[in-house]
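So you can see what is in the structure, the chains are spelled out below.
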Amino acid sequence: MADELRRVAFVLWPGTHPASVMPALAVLRSANRMAESELYRAECYTLDDQPLVSPEGWHLPARPWPGEGVDNAVIWLVADGIAQPASIPPGLAAQCRNLVREGLPVGAIEGGVYPLAMSGLLDGHRCAVHWRMIDDFRERFPAVTAGSELFAQDRGRLSSSGGQATLDLFLGLLAEERDADLAAMVAEELVVERLRDGGEAQRVPLRNRLGSTHPKLTQAVILMESNIEEPLTTDEIARHVCVSRRQLERIFKQYLNSVPSQYYLELRLNRARQLLLQTSKSIIQIGLSCGFSSGPHFSSAYRNCFGITPREDRNQRRAQQAMENVARA
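Let me begin by describing the structure that accompanies this report. The shown structure was predicted, so the numbers you read here are calculated from the model rather than taken from an experiment.

### Quick notes on the overall build of the chain
Line of reasoning, step 1. Along the chain, the regular secondary structure elements total 14 helices and 11 strands.
Line of reasoning, step 2. For the chain, the spread of C-alpha atoms along the three principal axes comes to 65 × 40 × 35 Å.
Line of reasoning, step 3. For the chain, buried positions account for 46% of its 329 residues.
Line of reasoning, step 4. Of all intrachain contacts in the chain linking residues separated by at least 6 positions in sequence, the fraction that spans at least 24 positions is 64%.
Line of reasoning, step 5. Counting every atom, the chain has about 16700 Å² of accessible surface; 49% of that belongs to carbon and sulfur.
Line of reasoning, step 6. For the chain, the separation between the mean place of its 36 positive charges and that of its 39 negative charges on side chains is 8 Å.

Have a look at this one:
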């Protein structure tokens, strides 16, 4: 579909901030400009008769959703965390199901995963959910595999956790649907430093990840995250945060049900897994960059944590990606 026009319809729920859809529009409009051709025709719709106006007073051109849908358009359901949808119009849900039957993808941006899940189209599928909403979403939709990655693509169901992740997702789609060089040009124009893989975890604020605002715990974990390649000892961390080793261990036990050394090890292993699955660095390079003294040491610790060796984990991920590429072809 190198030159074929693709129509894209963004349906925004009442109360959604117009900024939620701007990263996607920026990619599509830049792609048209760079290609000097109308590759995408994007239109925004609302589910009521109210104009899309931000609290700051700026307008986003939009029309009321026509009800019967838009022919041959990829539909994106859009809502933010504040305007969390409580329902989806039956006609819109039916239109999304028709798209899937016709082999077209449907997508959701941030809170848009709620109505997409309500339509039943996410049952048995993986989707990306913003970290603020993920616990509620998992409770409400147990048949959906909700993840905390940046974005997800699973058999025609596309989802973004919102914000910058939406930009990453649409740049990836542009590379798949059109041309990797065009996507790189658009990324450069939008001053995107690098294209992030959808599997990267959302960067959840430290206090939310820890479930605590204890200042010494926060300081200790920040130190750990800043010293992955050359790990500090527990005594060194305790000294830096001005507590005794015993006090530090007591804080970790109380708030994280772990000891500092074990938490630190898991932190390094999770970082190693991220590099393993998202970069082409060698396994030994990754192990050394995450503070492991040798390949066997890294492999043993990795297997103990994840139940699989680094090489096996990487091979499984590559096989999965190859299958997904074949399915999209």
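Read on, since the account is not over.
### Here's the deal with the sheet that holds strand β7 (residues 106-110)
Line of reasoning, step 1. Taken in spatial order, the seven strands of this open sheet run β5-β2-β1-β6-β7-β11-β10, and their pairing is mixed. The two strands at the open ends of the sheet, each matched to only one other strand, are β5 (63-64) and β10 (151-154).
Line of reasoning, step 2. Pairing of strand β1 (residues 6-12) with strand β6 (residues 73-79), which is carried by six bridges, proceeds in the parallel orientation. Within β6, the residue paired with F10 across the bridge is W76.
Line of reasoning, step 3. Contacts from helix α2 (residues 90-101) reach β1, β6, β7 and β11 (157-160) within the one sheet, and its direction differs from that of β6 by about 135°.

### Focus on the nonpolar core
Line of reasoning, step 1. Formed by 33 residues in total, the largest nonpolar core has its most connected members in F10, V21, W76, F170 and L174.
Line of reasoning, step 2. Taken together, the elements giving at least two residues each to this core come down to β1, α1 (22-35), β2 (40-46), β6, α5 (164-177) and α6 (180-189).
Line of reasoning, step 3. Not counting chain neighbours up to four residues away, the residues in contact with F10 comprise V21, A24, L25, L28, A42, E43, C44, Y45, W76, V78, I109 and F170.

### Considering the pattern of salt bridges
A side chain of one charge can pair with a side chain of the opposite charge when the charged atoms of the two come close.
Line of reasoning, step 1. Applying the stated criterion across every chain, the model contains 12 salt bridges.
Line of reasoning, step 2. R273 serves as the salt-bridge partner of D313, at 2.7 Å between the closest nitrogen and oxygen. In this pair, D313 is assigned in helix α14 (residues 310-328) and R273 in helix α11 (residues 260-278), connecting sequence segments 40 residues apart.
Line of reasoning, step 3. Classification of R273 by relative accessible area gives partly exposed; the value is 29%.
Line of reasoning, step 4. Each of R7, E43 and R63 takes part in a single network of salt bridges with overlapping partners.

### Topic: the environment of G107
Line of reasoning, step 1. Looking at where G107 falls in the secondary structure, it is placed in strand β7.
Line of reasoning, step 2. On a C-alpha basis, the gap between G107 and E176 in space is 16 Å, while along the polypeptide they are 69 residues apart.
Line of reasoning, step 3. If near-sequence neighbours (up to four positions away) are discounted, G107 is found in contact with I75, W76, L77, L116 and L158.

### Considering the packing of α1 against α5
Line of reasoning, step 1. The interhelical angle for the contact between α1 and α5, taken along N-to-C directions, is 30°, at an axis separation of 8 Å. Considering the angle they form, α1 stands roughly parallel to α5. Viewed along their axes, α1 and α5 form a crossing whose handedness is right-handed. For the pair formed by α1 and α5, the contact residues are P23, A24, V27, L28 and A31 on the first element and T166, L167, F170, L171 and L174 on the second.
Line of reasoning, step 2. In terms of residue class, the contact of α1 with α5 is made up of nine nonpolar, one polar and no charged.

### Considering the packing of helix α8 (residues 215-226) against helix α10 (residues 245-256)
The relative placement of two packed helices is expressed as an angle between their axes plus a distance between the axes.
Line of reasoning, step 1. Contact geometry for α8 and α10: axes closest at 10 Å, N-to-C directions at 100°. Taken together, the axes of α8 and α10 are roughly perpendicular relative to one another. Along its contact with α8, which presents K216, L217, A220, V221 and M224, the element α10 presents L248, I251, F252, Y255 and L256.
Line of reasoning, step 2. The residue makeup of the contact of α8 with α10, split by class, is nine nonpolar, no polar and one charged.

### Concerning the packing of aromatic side chains
What characterises a pair of aromatic rings is the spacing of the ring centres plus the angle enclosed by the ring planes.
Line of reasoning, step 1. Within this structure, the stated rule accounts for 10 aromatic pairs.
Line of reasoning, step 2. Measuring from centroid to centroid gives 5.8 Å for F252 and Y263, while their planes differ by 65°, and the two rings are edge-to-face. Placement of F252 in helix α10 and of Y263 in helix α11 is noted, with a sequence separation of 11 residues between them.
Line of reasoning, step 3. We classify F252 as buried; its relative accessible area is 0%.

Thresholds applied
Residues numbered from 1 in each chain as written. Predicted model: local features only at pLDDT ≥ 70, side-chain atom pairs only at ≥ 80, totals over all residues. Heavy atoms only, no water. Helix = DSSP H or I, 4+ residues; strand = E, 2+ residues; numbered from the N terminus. Buried < 20%, exposed > 50% of the residue type's maximum accessible area, 1.4 Å probe, protein only. Contact = heavy atoms within 4.5 Å. Areas by Shrake-Rupley, 256 points an atom, 1.4 Å probe, with all protein chains shown as cover. Lys, Arg positive; Asp, Glu negative; His and termini not counted. Charge placed at Lys NZ, Arg CZ, Asp CG, Glu CD. Pairing = 2+ DSSP bridges. Axes fitted to C-alpha atoms, helices over the stretch in contact; angles between N-to-C directions. Core = buried A, V, L, I, M, F, W, Y, C linked by side-chain atoms within 4.5 Å. Salt bridge = Lys/Arg side-chain N within 4 Å of Asp/Glu carboxyl O. Parallel < 35°, antiparallel > 145°, perpendicular 65-115°, else oblique. Left-handed = near helix turned anticlockwise from the far one by under 90°. Nonpolar A, V, L, I, M, F, W, Y, C, P; charged D, E, K, R; others polar. Phe/Tyr/Trp six-rings, centres within 6.5 Å; stacked < 30°, edge-to-face > 60°.

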